[in-house]
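For reference, the chains in residue letters:
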Protein chains: 6
Amino acid sequence: MTRDTPELVTAGETMALLSPPEPGPLRHARSLDLRVGGAESNLAIGAARLGVRAAWIGRVGDDELGRLVRSTLAGEGVDVSHAVTDPAAPTGLMLKERRAAGVTRVTYYRAGSAGSRLEPADIDPELIASARVLHVTGITPALSESARDAVRLAVEAARAAGVAVSVDFNYRARLWPADAAAKELRRLAEAADVLFATEDEARLVVDAPGAEGLAGALSALGPAEVLIKRGGRGAVAYAQGTVHEVPPYPVDVVDPVGAGDAFGAAYLAELVRGRPVPERLRTAALAGALAVTVPGDWEGLPTRDDLDLIAGGDVRR
Amino acid sequence: MTRDTPELVTAGETMALLSPPEPGPLRHARSLDLRVGGAESNLAIGAARLGVRAAWIGRVGDDELGRLVRSTLAGEGVDVSHAVTDPAAPTGLMLKERRAAGVTRVTYYRAGSAGSRLEPADIDPELIASARVLHVTGITPALSESARDAVRLAVEAARAAGVAVSVDFNYRARLWPADAAAKELRRLAEAADVLFATEDEARLVVDAPGAEGLAGALSALGPAEVLIKRGGRGAVAYAQGTVHEVPPYPVDVVDPVGAGDAFGAAYLAELVRGRPVPERLRTAALAGALAVTVPGDWEGLPTRDDLDLIAGGDVRR
Amino acid sequence: MTRDTPELVTAGETMALLSPPEPGPLRHARSLDLRVGGAESNLAIGAARLGVRAAWIGRVGDDELGRLVRSTLAGEGVDVSHAVTDPAAPTGLMLKERRAAGVTRVTYYRAGSAGSRLEPADIDPELIASARVLHVTGITPALSESARDAVRLAVEAARAAGVAVSVDFNYRARLWPADAAAKELRRLAEAADVLFATEDEARLVVDAPGAEGLAGALSALGPAEVLIKRGGRGAVAYAQGTVHEVPPYPVDVVDPVGAGDAFGAAYLAELVRGRPVPERLRTAALAGALAVTVPGDWEGLPTRDDLDLIAGGDVRR
Amino acid sequence: MTRDTPELVTAGETMALLSPPEPGPLRHARSLDLRVGGAESNLAIGAARLGVRAAWIGRVGDDELGRLVRSTLAGEGVDVSHAVTDPAAPTGLMLKERRAAGVTRVTYYRAGSAGSRLEPADIDPELIASARVLHVTGITPALSESARDAVRLAVEAARAAGVAVSVDFNYRARLWPADAAAKELRRLAEAADVLFATEDEARLVVDAPGAEGLAGALSALGPAEVLIKRGGRGAVAYAQGTVHEVPPYPVDVVDPVGAGDAFGAAYLAELVRGRPVPERLRTAALAGALAVTVPGDWEGLPTRDDLDLIAGGDVRR
Amino acid sequence: MTRDTPELVTAGETMALLSPPEPGPLRHARSLDLRVGGAESNLAIGAARLGVRAAWIGRVGDDELGRLVRSTLAGEGVDVSHAVTDPAAPTGLMLKERRAAGVTRVTYYRAGSAGSRLEPADIDPELIASARVLHVTGITPALSESARDAVRLAVEAARAAGVAVSVDFNYRARLWPADAAAKELRRLAEAADVLFATEDEARLVVDAPGAEGLAGALSALGPAEVLIKRGGRGAVAYAQGTVHEVPPYPVDVVDPVGAGDAFGAAYLAELVRGRPVPERLRTAALAGALAVTVPGDWEGLPTRDDLDLIAGGDVRR
Amino acid sequence: MTRDTPELVTAGETMALLSPPEPGPLRHARSLDLRVGGAESNLAIGAARLGVRAAWIGRVGDDELGRLVRSTLAGEGVDVSHAVTDPAAPTGLMLKERRAAGVTRVTYYRAGSAGSRLEPADIDPELIASARVLHVTGITPALSESARDAVRLAVEAARAAGVAVSVDFNYRARLWPADAAAKELRRLAEAADVLFATEDEARLVVDAPGAEGLAGALSALGPAEVLIKRGGRGAVAYAQGTVHEVPPYPVDVVDPVGAGDAFGAAYLAELVRGRPVPERLRTAALAGALAVTVPGDWEGLPTRDDLDLIAGGDVRR
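Keep in mind that this is a model prediction, so the values were computed, not measured.

Caption draft 1: Looking closely at the pattern of salt bridges. What the rule picks out here adds up to 165 salt bridges over all chains. Notably, a salt bridge pairs aspartate 168 of chain D with lysine 229 of chain D, separated by 2.7 Å at the nearest N-O pair. Of this pair, aspartate 168 of chain D sits in strand β10 (residues 164-168) while lysine 229 of chain D is found in strand β12 (residues 225-229), placing the two residues 61 residues apart along the sequence. Each member of the pair, aspartate 168 of chain D together with lysine 229 of chain D, is buried. Put simply, glutamate 199 of chain F and arginine 203 of chain F hold a salt bridge, and the shortest N to O gap is 3.9 Å. Separated by four residues within a single helix, glutamate 199 of chain F and arginine 203 of chain F lie in helix α6 (residues 199-203), roughly one turn from each other.

Below, the structure is given as structure tokens:
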């Protein structure tokens, strides 16, 4: 394995992310902050900050927003050399409004976007085979048939090579109907080694009472580790047959978006490092807490130095 | 009744509102945010957002700040076709400093302003007669004699036409002496069908122990519905002889100014729609809470969609 | 004719307009200014500022950007009561980059937008019949078949009622092929009383040497007045058989977008007022010059007071 | 003479100065930059930057804007220990709009302001007697009778003590009628040793053809040195019987306000230093040019180091 | 004693202070707010706002940041006429990052700075002898040998003249080793009349259990009054043999830096006024609370008017 | 040669770059824009934008500014995998003030910075040997002895491997005395294949009349290609015995810093591509012109698409 081979590979859509600097109705904003975001690349950045060599596969348009996606990810140390620039479609865009604290609305301009045109040919099975973990989400299969096929191909390549498969359900109701989603998410769950879901998402696929029950039922489908994320109430982990309670880390929420990606990033980063489950969970809870204390989906994610610094401080505002 | 006849008519002064983006001494600000505000037009905007056709009567100068007042109100769907542009005086101005959380100081530049030159000739009795509610405040009579006469005329026109009269005491100690205010506010109370006041304001006119007692005493002067606003402690309503407690809606306050106007706007909007008192109070409390979570006096006021969205969320920061 | 009947009616798409505050590559911007823009509504605003009662017909999404479009136009005094809110599609969006002075790039997110779903049912022939001028552009027919049919219907309604038809070719190469455009633009030209075009646009439809020749050739198709806009070199007008040279007004260009709309707005505003052609042209040239001296497509457009003020000053930076 | 005695004393009104960061209609600004300005204090700052000990006499309100005026002037090294805080009136305010390049509109909120309540008791004749120059303008006598009397008293104190009197006509048409102004300006001219005026201002008091003629006519009233400021065309000086042409210094104007104050500041600074007239004029022209290259009335004024630096550079944008 | 003699003299380094407007990693900021800060000048400003005539001794470079330090302090009414401009070194600079709420990181660019070159010749013993209090901190002796000698000289001058000596330990681990610090801080403690320290700082010099014990042990070294600052837990005072508990004032912390300086400023201001210890402590606690509610190290410090205003309000956000 | 081998390698110091958003004295800025800059990395970015694989060698501190340098360069596609993070020193910093148009002042905080601690061990001779061009400047040898030795080593490695050596004199008077500079620059010139200098810089090393004479004299020392940069007057090239005049590209200068780096970047990019000298010069002149039209040292540099776009436009403001 050469120096540059990624340890974590992920694939998905990354978009420009526009949001007002202040809470309130978006139409009263005079300017919108320009950043980028995407569940998979958020996770890749989070993992990279914790020392993992991460690569992101996706498509951007041949436009300024596409160049912004590329330069932001590259600047964060994520390998974008496998990303594709698609001259035939624009980079996707999303508007994120914080209507009031805890009440966020996102509007997408991603229909026909470059990112939704991801296709199997964009996936390099050898790249995946050389990694330690592949991470995919339930967003990408909802974008287009070709994107769904690309995700399937990536998962198959990982399994064929014995690379761990991590899945975050990330169900987006506006992108596809619940029954179509349920079918594809079940398929992803069956192929996963590590699975992240909220309780509502878990119930699309299995039926059981409580977070522990859902975790067990999902694990019965295949994944050895299931993480049920419960927002302000912490998380429940079911790993190799054992249940772990992850208490919430108390913070004042500035922007709740990105907490799940941060949780997953830190969990996988510790997994790649070979840390035991309790340590993975501890780091994951802290990363999730930090993510929500700054605007932006991933900007607040911690480095290892930050973890040391902050563990001793008080991250409440 | 044609499509454009207003359901709610209000009259008063709307000024340019300048405030620093951050809390702290105003003199350390390098720039001041430019908005508009006025108790009556705040209420009109709030009612308009909840589906009420509202019209605002007032004067602005023939200057940029006057054009800002007009375009802002018109942009919010408030009918400004009855407003007057007065070439002989400038549009009023106020500076609002958030010295520290919960401690706000307002400085007015409204002496001799166009808005204070409101006069009876500006009031169209037919417009008022065609509406469902007339709303006035105790600020306008304090601005000038002609403004006081204009308010009196408006109230008379409403009563003559059987249009409900809503009054918010809104006592401003810097504008007139307490005894002069008490006399005029009592006169307004006697003409009101719906009356809004704080406990301190109520005591200018009546004497009774507690919020309930004050509400009852005020109601005895005439108004069938009296709403005693108690800031962070909620409100007490006395309506058709029944007392209603309105618990506070817990929020982190960004800017307390405007909460009362929001409360009144939502109360009157539900009244115009014919909703019963408890529903009026529920909407009023939620609107008041939302108003204080964003900078600006009225920008955070809810639409009907916002009410649905936020009722299910957590508006604390 | 009642007080509120519009003198000028226009129909088209108005979008949110996002642009960096500084020139340079858009991806280096940290925030984008949020405004609205659209050729037809820019013209309506410009006309309204010069005293014309103007109405805009178009579709916006049931979203914050749609509400921004509505409140901005209403705030500028443009009648939006005939605009449609389409719950099934988002409001369109455009990014405008000033790569360097004089070199502007616009990216559209308008495929499938609410605005592109304009349809004949949105057009009220009676509204048009009550006006003095109908203004349409070559952009709208390129958006969709239904939008094209809506424009055709509007033009027919105007002609049937003897209302003057104003057309700005506004050819957008990215929206449709040149031959399809040429056919539809010719059709519009044949129905027009007043026609605005650049030399390049004119050549899509007619063939003649020089601006004067093109103006004459276009006029031969029907319009009594043809205005050939030549950017920094001024304009040539062919009106009722006479050629008028309009020298450029010297300014330092901040943002060239919107100059054509400003020119047209002022021309039509003077036409509605019944001013002779030379006065129309003088006002049009001054308005076009002012439009480019501020960021934003229409914010710099003059009121009548501004015209007096600025005519005596020096609008060069 | 002790270390702290001022060399230059001036008296007048200094106000908060609010202006949009960008040119264009003020109502489109979302925020206004907060600075301070006043013809006399602009001049005092300019002189202080060139090494002159300067003191400013005036009134501010007991409010944040008053504290801003004081801290800004003190921060620039101007002695404000003789300024008065008036608890009975607010600090004045002005809005400055750059409608287009070269076209500036100022709106004042100074009626009844603290600054306009300057009165003879605020003037310390001993302070003036200890200085080298007293500088007053034609603005202050127009503010109120008491302010006019204060200026007269200051001028008398200077003349009685043999302190040079410098006057800038600074005629403000909105503050008083031309005939009243003419009378008072003539009175000031007769008492002046150094007089600054534009050609239009000069014509209020004397009648002569051309700048040189006007300078000569004004000098005949008393002042040994008369400076006729001609904006973009430079200046003409008439000093001890000799005419000096001061060519304009070519610059790109960002904000023309303040150029005259800068010119005067530098002229008087060199006078205090005992430099000959041609050197005074050279420095004055450079300072005037620098003043207009930055926003703000005085922020761009040069120190002695700046003069060295900039004399070798190119101050055109 | 003349009007201008300072009541409080302090000496130390004041630097430019750059910090991002939002919490989060500093590298994601597009711009940094520019202010000034320094423990000693923060205290001087705080004292001046409460009516104390304060003077600051220190060195700045002959550069824009040095001029900013001077104008800011002078603007706040602090006498900077004894400060030195050192042409041979730049003004120091610090970057302050709020990584998350309660977790602040400061990076200094002060090695070789002008401020660190303070030397005994900069200290005017007569100035100190004319004051009521001299205030020094443990930061200055850590900057350089000459700075240490300057502090020693100042302390000696105060003691010789019977001027009260106030010391804040302000231990900065990055500036010097603990043992060197302990030695010098003990020396300062022995010379102090009033001593401020945190518990950790106290333990560098004495050994005792609890805050009270530490206060007593420090007092045994000499100072009649010892104040142990305990951040969010309030303070403990040991004054003339009596222990006073100072409960914390509940606030939402925006920026914790500067609370200690504010506490000291108010304590000394009341001491200068001759107020008894309990009143000193009450004002000190309120000032400390206000300091942390705004960005900037000292901008939120109260005037006497603010104290009245805020004592009746709620300074929690 | 594998896919990732750089074509251009450069070594030097890159610093954080802080500058006010507006021209004028820096002390009046409330915030400073945060970017990065360095002559060598500016050139590497410029080359990368034109399609050249570029690598930058240098040191940054283990701090936020160091992470900003790394992420910015990586985001621009420059290989930073050979850069060193030095835990013992902070990342350098510079303040850039635009005092007036064309008059820029830069203040450095780089004494003892990480970047100045570059040393021979940081240079990988194999990396250099694999490239097509090595680029160094006269800034780096002035930073420290170890930095000078690192540059010498890099140059030797290039020459030994037959890799072209490009040198930009970039004389910084504040970093070293003219005679020391002259000696080292001559040494660099003798080793160069391509040499960039201003006329003043050339005269440090050779003596000849005029730009052509200087170019010839420098070429006689070794370099086959000498480029004399003359700011607003264009450039003169002496290549393989032929003189080429490069006329200036007319632009309105926003920020002159970075023009030379842009010129060099484009020249070398075309050289790497094998384009003839006249084409290199054409691209270099256009890139230099674009660099000065935006704030920031390198943000305005063109991609190949930009060159096409802009060649047809007008880059004057």
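Now that the structure has been shown, we can carry on.
Caption draft 2: Representation of the relation of the copies chain B and chain D in the model. Rotating chain B by 180° and translating it 0.0 Å along the rotation axis places it on chain D, where the RMSD comes to 0.0 Å. The superposition of one copy onto the other is thereby described by a two-fold rotation axis. Using C-alpha coordinates, one finds that chain B approaches the rotation axis most closely at leucine 32 of chain B, a distance of 2.7 Å. Interface overlap between copies: 100% of the residues of chain B at the interface are likewise at the interface in chain D, consistent with a symmetric, same-surface contact.

Caption draft 3: View of the interface of chain B and chain D. With 21 residues of chain B in contact, the opposing surface of chain D contributes 21 residues. For chain B, the biggest contributors to the area lost against chain D are Arg27, Glu64 and Tyr109 of chain B; these three give 34% of the whole. One can count two salt bridges joining chain B with chain D. In this structure, the salt-bridge partner of arginine 27 of chain B is glutamate 64 of chain D, at a minimum N-O distance of 2.9 Å. Here chain B and chain D share nine residue pairs in polar contact (both at pLDDT 80 or more) between them. If you list the elements that add at least two residues to the side of chain B that touches chain D, you get β3 (31-37), α2 (64-75), β7 (93-100) and β8 (103-109) of chain B. Residue classes in the side of chain B that touches chain D are distributed as 12 nonpolar, two polar and seven charged. Here three bridges tie β3 of chain B to strand β3 (residues 31-37) of chain D, and the two strands are oriented antiparallel to one another. Note that in β3 of chain D the partner of aspartate 33 of chain B across the bridge is serine 31 of chain D.

Caption draft 4: Fine view of the pairing of strand β2 (residues 15-19) of chain F. All names here are of chain F. Most of β2 is tucked away: five of the five residues are buried. Relative to strand β3 (residues 31-37), β2 is paired through five bridges, and the arrangement is antiparallel. Note on β3: the bridge partner recorded for alanine 16 is valine 36. Sheet analysis places β2 next to strand β7 (residues 93-100), joined by three bridges and oriented parallel. What sits directly across from leucine 17, in β7, is methionine 94.

Caption draft 5: Inspection of the sheet that holds strand β7 (residues 93-100) of chain D at higher detail. Across the sheet, which stays open at both edges, the eight strands sit in the order β8(B)-β7(B)-β2(B)-β3(B)-β3(D)-β2(D)-β7(D)-β8(D) with mixed pairing between neighbours. Only two strands of the sheet have a single neighbouring strand rather than two, namely β8 of chain B together with β8 (103-109) of chain D. Going from strand to strand, the sheet's axes swing by 30° on average, the running direction of each strand aside.

Caption draft 6: View of the sheet that holds strand β7 (residues 93-100) of chain C. Spatial ordering of the open sheet is given by β8(A)-β7(A)-β2(A)-β3(A)-β3(C)-β2(C)-β7(C)-β8(C), a layout of eight strands whose pairing is mixed. Two strands close off the open sheet at either side, each with one partner strand: β8 (103-109) of chain A together with β8 (103-109) of chain C. Across this sheet, the average inter-strand angle for adjacent strands is 30°, counted without regard to direction. Set on the sheet, helix α2 (residues 64-75) of chain C makes contact with β7 (93-100) and β8 of chain A together with β2 (15-19), β3 (31-37) and β7 of chain C; between it and β3 of chain C the angle comes to about 55°.

Caption draft 7: Structural view of the nonpolar core. With 114 residues, the main nonpolar core has Tyr267 and Leu268 of chain A together with Tyr267 and Leu268 of chain C as its most contacted residues. Excluding residues that lie within four positions of it along the chain, leucine 268 of chain A makes contacts with Leu8, Leu43, Val133, His135, Ser166, Val194 and Phe196 of chain A.

Caption draft 8: Main features of the pairing of strand β13 (residues 235-239) of chain B. Residue and element names in this part refer to chain B. Of all five residues in β13, four are buried; the element is thus mostly enclosed. In this structure, strand β12 (residues 225-229) lies alongside β13, joined through five bridges in antiparallel fashion. Counted as the bridge partner of leucine 227 is alanine 237 from β13. Counted between consecutive antiparallel strands, the loop separating β12 from β13 contains five residues, among which glycine 231 sits at a positive phi close to 60°.

Caption draft 9: Region of interest: the environment of alanine 269 of chain E. Residues and elements named next belong to chain E. When you line up the elements, alanine 269 lands in helix α8 (residues 259-272). Residues alanine 269 and valine 133, 136 residues apart in the sequence, show an inter-C-alpha distance of 9.7 Å. Other than its neighbours up to four places away in sequence, alanine 269 contacts Ala47, Leu50, Val52 and Arg304.

Caption draft 10: Expanded view of the side chain of serine 19 of chain C. Residue and element names in this part refer to chain C. Mapped onto the fold, serine 19 is located in strand β2. Judged by its relative accessible area of 7%, serine 19 falls in the buried class. Discounting chain neighbours no more than four positions away, the residues touching serine 19 are Leu32, Asp33, Arg35 and Lys96.

Caption draft 11: Layout of the confidence of the model for chain A. Put simply, chain A has an average pLDDT of 92, and 95% of its residues get 70 or more. Complex prediction metrics read pTM 0.93 and ipTM 0.91.

Caption draft 12: Quick peek at the packing of helix α1 (residues 39-49) of chain A against helix α8 (residues 259-272) of chain A. All names here are of chain A. α8 packs onto α1 with a crossing angle of 45° between their chain directions and a minimal axis gap of 8 Å. Of the possible angle classes, the one that applies to α1 and α8 is oblique. α1 and α8 meet at a crossing whose hand is right-handed. On α8, the residues that touch Ala39, Asn42, Leu43, Gly46 and Ala47 of α1 are Asp261, Gly264, Ala265, Leu268 and Ala269. Its residues placed into classes, the contact of α1 with α8 shows six nonpolar, three polar and one charged.

Caption draft 13: Broad picture of helix α2 (residues 64-75) of chain A. All names here are of chain A. Under the 1.5 Å per step criterion, the end-to-end length of α2 is 16 Å for 12 residues, consistent within 8% with the ideal 16 Å. The buried fraction of α2 amounts to 10 of the 12 residues, a majority that puts the element mostly inside the structure. For α2, the set of buried residues is Glu64, Leu65, Gly66, Leu68, Val69, Ser71, Thr72, Leu73, Ala74 and Gly75. Glycine 77 lies just past α2 and shows a positive phi near 85°.

Caption draft 14: Region of interest: the environment of glutamate 279 of chain C. Residue and element names in this part refer to chain C. You can see glutamate 279 is positioned in helix α9 (residues 277-291). Taking the C-alpha atoms as reference points, glutamate 279 and alanine 83, separated by 196 residues in sequence, lie 32 Å from one another. Excluding its chain neighbours within four sequence positions, the residues that come into contact with glutamate 279 are Glu270 and Arg273.

Caption draft 15: Representation of the packing of aromatic side chains within the structure. Tallying each qualifying case throughout the model produces 12 aromatic pairs over all chains. Consider the rings of phenylalanine 196 of chain B and phenylalanine 263 of chain B, whose centres lie 6.4 Å apart with planes at 90°: the pair is edge-to-face. Of this pair, phenylalanine 196 of chain B sits in strand β11 (residues 194-198) while phenylalanine 263 of chain B sits in helix α8 (residues 259-272); the two residues are 67 residues apart in sequence, bridging distant segments of the chain. Each member of the pair phenylalanine 196 of chain B and phenylalanine 263 of chain B is classed as buried. Taken together, Phe196, Phe263 and Tyr267 of chain A form an aromatic cluster joined through their ring pairs. Against the face of tyrosine 108 of chain A rests arginine 110 of chain A, its NZ or CZ located 4.9 Å from the ring centre.

Caption draft 16: Local environment of the side chain of arginine 49 of chain C. Topologically, arginine 49 of chain C is positioned in helix α1 (residues 39-49). With a relative accessible area of 8%, arginine 49 of chain C lands in the buried category. Look past the residues within four positions of arginine 49 of chain C in its chain and what remains in contact with it is Glu76, Trp298, Glu299, Gly300, Leu301, Pro302, Thr303 and Arg304 of chain C together with Pro25, Arg27 and His28 of chain D.

Caption draft 17: Spatial organisation of α1 of chain C. Residues and elements named next belong to chain C. With respect to burial, α1 is a largely interior element, 11 of its 11 residues being buried. Taken as a whole, α1 has its buried residues at Ala39, Glu40, Ser41, Asn42, Leu43, Ala44, Ile45, Gly46, Ala47, Ala48 and Arg49. Of the residues flanking the end of α1, it is glycine 51, one or two places downstream, whose phi is positive at about 100°.

Caption draft 18: Representation of the environment of histidine 135 of chain E. Residues and elements named next belong to chain E. By the element assignment, histidine 135 lies in strand β9 (residues 133-137). Taking relative accessible area as the criterion, histidine 135 reaches 2% and is therefore assigned buried. Histidine 135 sits 125 residues away from threonine 10 along the chain, and the two C-alpha atoms are 4.8 Å apart. Aside from chain neighbours lying at most four places away, what touches histidine 135 is Val9, Thr10, Ala11, Leu43, Ser166, Val167, Asp168 and Leu268. In terms of polar contacts, histidine 135 uses its side chain to reach the side chain of serine 166, at 2.8 Å.

Quick notes on the rules
Residues numbered from 1 in each chain as written. Chains lettered and ligands numbered in written order. Predicted model: local features only at pLDDT ≥ 70, side-chain atom pairs only at ≥ 80, totals over all residues. Heavy atoms only, no water. Salt bridge = Lys/Arg side-chain N within 4 Å of Asp/Glu carboxyl O. Helix = DSSP H or I, 4+ residues; strand = E, 2+ residues; numbered from the N terminus. Buried < 20%, exposed > 50% of the residue type's maximum accessible area, 1.4 Å probe, protein only. Least-squares fit on C-alpha atoms with pLDDT ≥ 70 in both. Contact = heavy atoms within 4.5 Å. Buried area = accessible area lost by both parts, 1.4 Å probe. Polar contact = N/O pair within 3.5 Å; in protein donor to acceptor, adjacent residues only side chain to side chain. Nonpolar A, V, L, I, M, F, W, Y, C, P; charged D, E, K, R; others polar. Pairing = 2+ DSSP bridges. Axes fitted to C-alpha atoms, helices over the stretch in contact; angles between N-to-C directions. Core = buried A, V, L, I, M, F, W, Y, C linked by side-chain atoms within 4.5 Å. pLDDT = per-residue confidence, 0-100. Parallel < 35°, antiparallel > 145°, perpendicular 65-115°, else oblique. Left-handed = near helix turned anticlockwise from the far one by under 90°. Expected span 1.5 Å × (residues − 1). Phe/Tyr/Trp six-rings, centres within 6.5 Å; stacked < 30°, edge-to-face > 60°. Lys NZ or Arg CZ within 6 Å of the ring centre and 35° of its normal.

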